[in-house]
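# Coordinates in review
The primary structure of each chain is shown beneath.
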2 protein chains.
Amino acid sequence: MGTARVVFDKWEGRYAQRMDDVRSSAVRDLFGAASRPDVISLSGGMPEVSRVPTHTVADVAHWAVAHKGAVALQYGSSEGRRELRDVIVELMAETGVRLKADEVVVTAGAQQALDLIAKIFLDPGDVVIAEGPTYLGALQAFSAYQPDVRCIPMDDDGMRMDLLEAELERLGPRGAKFIYTIPNFQNPAGVTLSAERRRRLLELSREYDIPVVEDDPYGRLRFEGGHIKPLRALDPEVIYLGTFSKVFAPGLRLGWITAPKPVLAKFILAKQAADLCGSAFAQVTAERYFAATRWRRVLQSLTKTYGERRDAMLSALEEHFPPEARWTHPEGGFFVWVELPSFLDTGAMLAEAVECGVTYVPGDSFYPDGRGRNCMRLAFCYAEPERIEEGIRRLAEALDDRLHLYRAFIAAGAIPAEEGAA
Amino acid sequence: MGTARVVFDKWEGRYAQRMDDVRSSAVRDLFGAASRPDVISLSGGMPEVSRVPTHTVADVAHWAVAHKGAVALQYGSSEGRRELRDVIVELMAETGVRLKADEVVVTAGAQQALDLIAKIFLDPGDVVIAEGPTYLGALQAFSAYQPDVRCIPMDDDGMRMDLLEAELERLGPRGAKFIYTIPNFQNPAGVTLSAERRRRLLELSREYDIPVVEDDPYGRLRFEGGHIKPLRALDPEVIYLGTFSKVFAPGLRLGWITAPKPVLAKFILAKQAADLCGSAFAQVTAERYFAATRWRRVLQSLTKTYGERRDAMLSALEEHFPPEARWTHPEGGFFVWVELPSFLDTGAMLAEAVECGVTYVPGDSFYPDGRGRNCMRLAFCYAEPERIEEGIRRLAEALDDRLHLYRAFIAAGAIPAEEGAA
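Keep in mind that what you see is a predicted model, and the values were worked out from it rather than measured. (Residues numbered from 1 in each chain as written. Chains lettered and ligands numbered in written order. Predicted model: local features only at pLDDT ≥ 70, side-chain atom pairs only at ≥ 80, totals over all residues.)

### Brief notes about the overall build of chain A
- The number of helices and strands found in chain A is 14 helices and 14 strands.
- Here the C-alpha atoms of chain A give a radius of gyration of 22 Å, agreeing with the 22 Å that 2.2 N^0.38 yields for 422 residues.
- Here the C-alpha coordinates of chain A stretch approximately 75 × 60 × 50 Å along the principal axes.
- Across the 422 residues in chain A, those meeting the buried criterion constitute 55%.
- Of the contacts made within chain A by residues no fewer than 6 positions apart, 75% connect residues no fewer than 24 positions apart. (Helix = DSSP H or I, 4+ residues; strand = E, 2+ residues; numbered from the N terminus. Rg over C-alpha atoms; globule rule 2.2 N^0.38 Å. Buried ≥ 20, exposed ≤ 12 C-beta atoms within 10 Å, placed from the backbone. Contact = placed C-beta atoms within 7 Å.)

Right under this line is the structure:
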């Protein structure tokens, strides 16, 4: 222990200033607890990879090395393999976006794209606009470049355009480096930006000359309602991030970016500096998977699975959760967002929940400024329906303990009932 | 064309300041020319992956998904799989470094480690000490964090300790954030830091309280002379970067870092922000490769191949190159460094060389400040011996054209003969 202290002292004060702002991910820190078999994980956004046919993928991986070994085992180009970019062009066309392969760069998951977009655009103090709450991995990636992240609240139709406009008016033209949005089944809120608001968002983007960064990991995982075209389909200036993690598997760490050519040129420079090039081994495997397997069926089966799990979670919430709680109704994706009475602190409650055998992610992880303490993100993607129901039951129990006192105070007139609480 | 100009104008002035310093890699830009079959590539440091038994690796990849699919296809931990870190511990033990698995983090090649080390340590203007010339990928990675890179010249025994000491004296204690060195078969110079200088380097590191970052991609590829222990074997405070790209295959993009615990904790935070986690698919494949195949034989065969190619290059240089040229004698690795009379500009000569059917990397790519213009890096790793000989012959021809005039001037006494030129 003494030695550890000395080492610690030796290194303190040597790091770059940016590291002051980089926090550990609460989700990551929970992975330990979440892996105990008695604990039901409603925290991590892990896809149900067991629906991906393992033996088919094993054959595909074998083929990739046996038939394309000279390529798969070697360094590749920084922009990624042409064949995989062709697959991406096809996937994007199906969502309504027409692209050419040279408008696409393959990345190590969408996370690398978030990091590099921040790297090429953000000087310390630059403003970024995001939804509030927003994806914690984006906050983590951005934080290393020390921006001022302004969060715009959402309702059931996604980011509120009146509040965005007010913020843009305060900031003025080019007053932010970009507007970061997850329009489909937002992480963590689960809500979807309506078609009307998408048009409005792009109008505002043009009016204030601030580009939009569209992050769309879940767009293909819709189990209710009709497809809404990506922002990129409406405006070629939109920077769009996609990922294979949800339509195939996260273990290959493959995603992509499409952006205007000058941005892409800067992006490629930043990517060369970050890793020289992506994994050709993973890329050849993925391109073969999309060329040679019934991947659409797998995706359908995955989506059906997530839909059933969402149903299980929503009914369990209805049945077990206290009347003071409110939650969103996702039409796709992985997550439900729960809002609790403002005096509750979901961060402080977490250890108790783990004790009860269930995990979630505290809401303040999704804000840069400590907001969201009375909220939590629940993931329905990973646990089986019965486990979800049991998890929600356990969580309701933990909540109930805390709410008893609250109700007694309200009944005694000691504190006012919260506005809008059911 | 008109449209492209408008788009370009729209995005200019929006990027982060750091992007002003990030240049494209000359090596990367050459990949196009180098892939023409009539052009002999002496430029890229691509390993000879054809020596890696493709069908064995195909079986290994199949096994990874078929038997460990639930892990290989899923997100993993940020520090990398324990099983692969155990392989790394074993590899490091063979070079004389004793480690525990929790002192190791798996990275996306050593390049990611270079990027993240710079990210956690460097504020704009911070001094980094490196060899001159040094690895251009390191210069690229560092440049995004805007450091002041000071290059210390080398001789046949590596970085000159007298010049390092003089620089450290100017800078004072903690006057640089770290000293970056490639002690074995340096890229691009091909020279090796002697055992005596390794000890001296560590003394100076302690005296001036400046950590050493040891980058060791080629350490296992020695074809002449005895093994010299890594700096990390002599001092646990050394930050050591390793890679699987040369002992296995670059297409998996796997490397590692070992560093003091507090540094590793910061590093993991930066890695989470950069890509959440590495590819479990690649990691399971690699750990199986090292557990289940005769990888040592493959490595021996690879090393033998590189040794033969170095021999081919050194004899071809001896036979064809002009007497004014000097070059290094690498005992391992991939590269020979050639120094030409100072009036020659290898960057300006490159197009002509490609015309003659051969590529190399101009020397100034390996300096942050334009030095090295009269030098070139020649890679012997990738071309067959006969191709190397032919490539050197073509290059000598291109050189001869330029040297004719020089000799005529010297003969006429119009310019003095350069000191030291043979």
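Next comes the rest of the description.
### Here's the deal with the pairing of strand 6 (residues 178–181) of chain A
All names here are of chain A.
- What you see with strand 6 is no split at all: Phe178 and Tyr180 on one side and Ile179 and Thr181 on the other are buried throughout.
- Judged from the 3 bridges that link them, strand 6 and strand 7 (residues 212–215) form a sheet pairing that is parallel. Across the sheet, the residue bridging to Ile179 is Val212, located in strand 7. (Pairing = 2+ DSSP bridges.)

### Considering the nonpolar core
- Counting 260 residues, the largest nonpolar core has A:Leu378 and B:Leu378 as its most contacted members.
- In this structure, B:Leu378 is in contact with B:Leu42, B:Met313, B:Phe335, B:Val336, B:Val338 and B:Tyr360, ignoring residues within four places of it in sequence. (Core = buried A, V, L, I, M, F, W, Y, C linked by C-beta atoms within 7 Å.)

### Comments concerning the packing of helix 13 (residues 346–356) of chain B against helix 14 (residues 385–411) of chain B
Residue and element names in this part refer to chain B.
- Across the interface, helix 13 lies against helix 14 with an axial gap of 9 Å and an inter-helix angle of 135°. Overall, the two elements helix 13 and helix 14 adopt an arrangement that is oblique. Crossing of helix 13 over helix 14 shows right-handed handedness. On helix 14, the residues touching Met349, Glu352, Ala353 and Cys356 of helix 13 are Arg394, Leu395, Glu397, Ala398 and Arg402.
- For the contact of helix 13 with helix 14, the class distribution of residues is 5 nonpolar, no polar and 4 charged. (Axes fitted to C-alpha atoms, helices over the stretch in contact; angles between N-to-C directions. Parallel < 35°, antiparallel > 145°, perpendicular 65-115°, else oblique. Left-handed = near helix turned anticlockwise from the far one by under 90°. Nonpolar A, V, L, I, M, F, W, Y, C, P; charged D, E, K, R; others polar.)

### Details of unusual backbone geometry
- The residue after B:Gly132, namely B:Pro133, is reached through a cis peptide bond having omega 0°.
- The omega torsion across B:Asn187 and B:Pro188 is 15°, close enough to zero to call that bond cis.
- Relative to the assigned elements, B:Pro188 resides in the loop between strand 6 (178–181) and helix 8 (195–207).
- Unusually for a residue other than glycine, A:Arg253 sits at a positive phi of about 50°.
- Structurally, the position occupied by A:Arg253 is in the loop between strand 8 (239–243) and strand 9 (255–258).
- What makes A:Arg253 buried here is the crowd of 29 C-beta atoms within 10 Å.
- Not every positive phi belongs to a glycine, and B:Leu276 is a case in point at roughly 65°.

### Section: the interface of chain A and chain B
- Contacts between the two partners involve 71 residues from chain A and, on the opposite side, 71 residues from chain B.
- Sorting the residues of the side of chain A that touches chain B by element identifies helix 1 (2–11), helix 2 (26–34), helix 3 (54–72), helix 5 (109–121), helix 6 (136–143), helix 10 (261–275) and helix 11 (280–292) of chain A as the ones contributing at least two each.
- For the side of chain A that touches chain B, the element with the most residues is helix 3 of chain A, which contributes 11 residues.
- In terms of residue class, the side of chain A that touches chain B is made up of 41 nonpolar, 20 polar and 10 charged.

### Observations regarding the domain arrangement of chain A
Residue and element names in this part refer to chain A.
- When cut into domains, chain A gives domain 1 (15–51 + 297–406) and domain 2 (54–292).
- A straight line from the C-alpha centre of domain 1 to that of domain 2 covers 24 Å.
- With 31 residues of domain 1 in contact, the opposing surface of domain 2 contributes 32 residues.
- Elements with a minimum of two residues in the side of domain 1 that touches domain 2: helix 12 (295–320) and strand 11 (335–339).
- Sorting elements by how many residues they give to the side of domain 1 that touches domain 2 places helix 12 first, with 5 residues.
- In terms of residue class, the side of domain 1 that touches domain 2 is made up of 14 nonpolar, 10 polar and 7 charged. (Domains from an automatic or database assignment.)

### Observations regarding the relation of the copies chain A and chain B
- The transformation that overlays chain A on chain B combines an axial shift of 0.0 Å with a rotation of 180°, and the residual RMSD is 0.0 Å. The superposition operator between the copies reduces to a two-fold rotation axis. Relative to the rotation axis, the closest C-alpha in chain A is found at A:His62, a distance of 2.6 Å.
- Both copies present the same face, since 100% of the interface residues in chain A are matched by interface residues at the equivalent positions in chain B. (Least-squares fit on C-alpha atoms with pLDDT ≥ 70 in both.)

### Digging into the confidence of the model for chain A
Residues and elements named next belong to chain A.
- Looking at chain A as a whole, its pLDDT mean stands at 93, while 94% of the residues score no less than 70.
- Scored below 50 in pLDDT, residues 1–7 shows 4 contacts in the model against residues more than four places distant or in partner chains.
- Prediction confidence for the complex, expressed as pTM and ipTM, is 0.94 and 0.94 respectively. (pLDDT = per-residue confidence, 0-100.)

### Some words on the sheet that holds strand 4 (residues 148–155) of chain A
Residue and element names in this part refer to chain A.
- Ordered in space as 2-9-8-7-6-3-4-5, the 8 strands form an open sheet in which the pairing is mixed. Each of the sheet's edge strands pairs with one partner strand only, and the pair in question is strand 2 (104–107) and strand 5 (158–159).
- Bridge count for strand 8 against strand 9 is 4 bridges, and the pairing is antiparallel. Each residue of the ladder has a partner; that of Leu241, found in strand 9, is Ile257.
- The sheet contacts of helix 4 (residues 82–94) involve strand 2, strand 8 and strand 9, and relative to strand 2 the element is tilted by about 110°.
- Lying over the sheet, helix 10 contacts strand 2, strand 8 and strand 9, oriented at roughly 25° with respect to strand 2.

### Let's talk about the packing of helix 4 of chain A against helix 11 of chain A
Residue and element names in this part refer to chain A.
- Where helix 4 contacts helix 11, the axes come no closer than 9 Å and their chain directions differ by 45°. Relative to helix 11, helix 4 is oriented oblique. As for the relative orientation of helix 4 and helix 11, their crossing is left-handed in sense. Along the contact surface, helix 4 presents Glu83, Leu84 and Val87, while helix 11 presents Gln283, Ala286, Glu287 and Phe290.

### Brief notes about the environment of B:Val284
Residue and element names in this part refer to chain B.
- Within the secondary structure, Val284 is located in helix 11 (residues 280–292).
- Spatially, the C-alpha atom of Val284 lies 6.2 Å from that of Ala72, the residues being 212 residues apart in sequence.
- In contact with Val284, not counting residues within four places along its chain, are Ala64, Lys68, Val71 and Ala72.

### Regarding helix 6 of chain A
- For helix 6 of chain A, the tally of buried residues reaches 8 of 8 residues, placing the bulk of the element in the interior.
- Among all positions of helix 6 of chain A, only A:Leu136, A:Gly137, A:Ala138, A:Leu139, A:Gln140, A:Ala141, A:Phe142 and A:Ser143 are buried.

### Here we look at the sheet that holds strand 8 (residues 239–243) of chain B
Residues and elements named next belong to chain B.
- With respect to topology, 8 strands assemble into an open sheet ordered 2-9-8-7-6-3-4-5, the strand pairing being mixed. The sheet is open, and its two edges are formed by strand 2 (104–107) and strand 5 (158–159), each paired on a single side.
- In this fold helix 7 (residues 161–171) packs onto strand 3 (127–132), strand 4 (148–155) and strand 5, with an angle of close to 155° to the strand it touches most, strand 4.
- Helix 10 (residues 261–275) rests against strand 2, strand 8 and strand 9 (255–258) of the sheet, and its axis sits at about 25° to strand 2.

### Some details on helix 8 (residues 195–207) of chain A
Residues and elements named next belong to chain A.
- Compared with the 18 Å implied by 1.5 Å per residue over 13 residues, the 19 Å span of helix 8 between its first and last C-alpha is a close match.
- All buried positions along helix 8 are accounted for by Arg197, Arg198, Leu201 and Ser205. Along the axis of helix 8, the buried positions cluster into a sector of 105°, meaning they face one direction only. Set apart from the buried face of helix 8 by more than 90 degrees, the exposed residues are Glu196 and Glu207.
- Lining the buried residues of helix 8 we find strand 5, helix 7 (161–171), strand 6, strand 7 and helix 9 (231–234).
- At the exit of helix 8 stands Asp209, carrying a positive phi of roughly 55°. (Expected span 1.5 Å × (residues − 1). Arc of directions from axis to C-beta.)

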